[in-house]
Amino acid sequence: MRTTLSLLAGAALILTGASAQAQGYPDKPVTMVVPFSAGGPTDTVARLIGQSMGTTLKQQVIVENVGGAGGTLGAGRVARSAPDGYTILLHHIGQATSATLYRKLPYDAIKDFEPIGLVTDVPMTIVARKDLPPKDFKELVTYVQQQKDKVSYGNAGIGAASHLCGLMFMSAIKTQMTTVAYKGTGPAMNDLLGGQIDLMCDQTTNTTGQIKGGKIKAYAVTSKTRVPSLPDLPTMDEAGIKGFEVAIWHGLYAPKGTPKAAIDKLSSALQVALKDKNVVQRFAELGTEPVAQNRATPAALGAHLKAEIAKWAPVIKAAGEYAD
């Protein structure tokens, strides 16, 4: 009996200590890991919401880029981090697709993370070097089908959003291009700007400014409706490929076991950030918008992640392209 009482007392002390620690959270900077290179679209989203969240949390939110392996290196690091709320992950659709793309993934995309909330749904654009001959999307399809593997298509690596979009595009037009994989969207965009590659499928957060500046040529957006910041750009549906839709969503996660009090504070700070006028304005300039408040919650992100894993698994398996 004494032993049992001692064990119960010890457990109570541990729980009390954890609760007190969570209540004082955060008392130091929070690191937001972005599993891609600096300058890319996910990095842009992270820095915008991180700055605003830091104001609410009264602690600096430091964005750290841990790129490589289609985002799995950074995600793996967070999965192995101490579950104390001081290391969190901002990841895009790759959190869902990695579950199928990697047959030996060193973590479980669902079981090893605590969801914090969805951030934004970002449309993608089919873009090219500014001097690519085709004048519109119809001409582009004809051009690719005639040139085939002479056309180079850049992406941010296997499993990246640009890779998945490219797979769908090549499948839709029944033509394979020469694929060039980079270690991040930033390097790929640099080569597109320099004319070293012909085509990319990239998020509006990374292409809108380049398109408006005339530095690259745009052919279509992958959303159901036109993007307000790019009103003259047709949807893939309007351009002739029916049912082609790729929305690159972003979510915020913490390691499994992170105290609920810390998750709640992070989720609340995220919701405040998504109403921040500067964030809303900058998102609009980048061709996206914050998700509705009821989606910026742990429950909403958890459900969405499971649904996206189920959606993309058959697509990836059909393509037969795996990252390992």
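Look a little higher up for the structure.
A. Inspection of helix α7 (residues 185-193) at higher detail. Among the residues of α7, those classed as buried are Thr185, Gly186, Ala188, Met189 and Leu192. Relative to the axis of α7, the buried residues are bounded by an arc of 165° and lie together on one face. Looking at the buried residues of α7, the elements they touch are α2 (41-57), β4 (113-129), β5 (152-155), β7 (199-203), α8 (204-212) and β8 (216-221). Note on α7: the residue one or two positions beyond its end, Gly195, has a positive phi of about 80°.

B. Up close: the pattern of salt bridges. In total, this model carries ten salt bridges according to the counting rule given. With its nearest N and O atoms 2.6 Å apart, the salt bridge here joins Glu64 to Arg77. Taken as a pair, Glu64 in strand β2 (residues 61-65) and Arg77 in helix α3 (residues 72-80) lie far apart in primary sequence, 13 residues in all. Salt-bridge contacts for Arg129 lead to Asp131; the nearest nitrogen and oxygen are separated by 2.8 Å. Residue Arg129 is classed as buried on the basis of its relative accessible area of 15%.

C. Geometry of the state of the cysteines. In this structure the tally under the stated criterion is one disulfide. With a sulfur-sulfur separation of 1.9 Å, Cys165 is cross-linked through a disulfide to Cys201. Between Cys165 and Cys201 the sulfur-sulfur dihedral comes to about 60°; the bridge is accordingly right-handed. Separated by 36 residues along the polypeptide, Cys165 in helix α6 (residues 161-173) and Cys201 in strand β7 bring together distant segments of the chain. The class of Cys165 is buried, set by a relative accessible area of 0%.

D. Inspection of the packing of α2 against helix α10 (residues 260-273) at higher detail. Close contact between α2 and α10 brings their axes to 8 Å; oriented N to C, the two are set at 120°. If you check the angle between α2 and α10, you find them oblique. As for how α2 packs across α10, the hand of that crossing is right-handed. In this structure, α2 uses Ile49, Ser52, Met53, Thr56 and Leu57 to contact α10, whose residues at the interface are Lys265, Leu266, Ala269, Leu270, Val272 and Ala273. When grouped by side-chain class, the residues that make up the contact of α2 with α10 number eight nonpolar, two polar and one charged.

E. Focus on the packing of α7 against α8. It is at 12 Å that the axes of α7 and α8 come closest, and there the two elements cross at 20°. Comparing the axis directions of α7 and α8 gives the class roughly parallel. For the pair α7 and α8, the sense of crossing is right-handed. On α8, the residues touching Thr185, Met189 and Leu193 of α7 are Asn206, Thr207 and Gln210.

Here is what the cut-offs are and how they apply
Residues numbered from 1 in each chain as written. Predicted model: local features only at pLDDT ≥ 70, side-chain atom pairs only at ≥ 80, totals over all residues. Heavy atoms only, no water. Buried < 20%, exposed > 50% of the residue type's maximum accessible area, 1.4 Å probe, protein only. Helix = DSSP H or I, 4+ residues; strand = E, 2+ residues; numbered from the N terminus. Arc of directions from axis to C-beta. Contact = heavy atoms within 4.5 Å. Salt bridge = Lys/Arg side-chain N within 4 Å of Asp/Glu carboxyl O. Disulfide = S-S within 2.5 Å. Axes fitted to C-alpha atoms, helices over the stretch in contact; angles between N-to-C directions. Parallel < 35°, antiparallel > 145°, perpendicular 65-115°, else oblique. Left-handed = near helix turned anticlockwise from the far one by under 90°. Nonpolar A, V, L, I, M, F, W, Y, C, P; charged D, E, K, R; others polar.

Any link to function would need more than the numbers given here.
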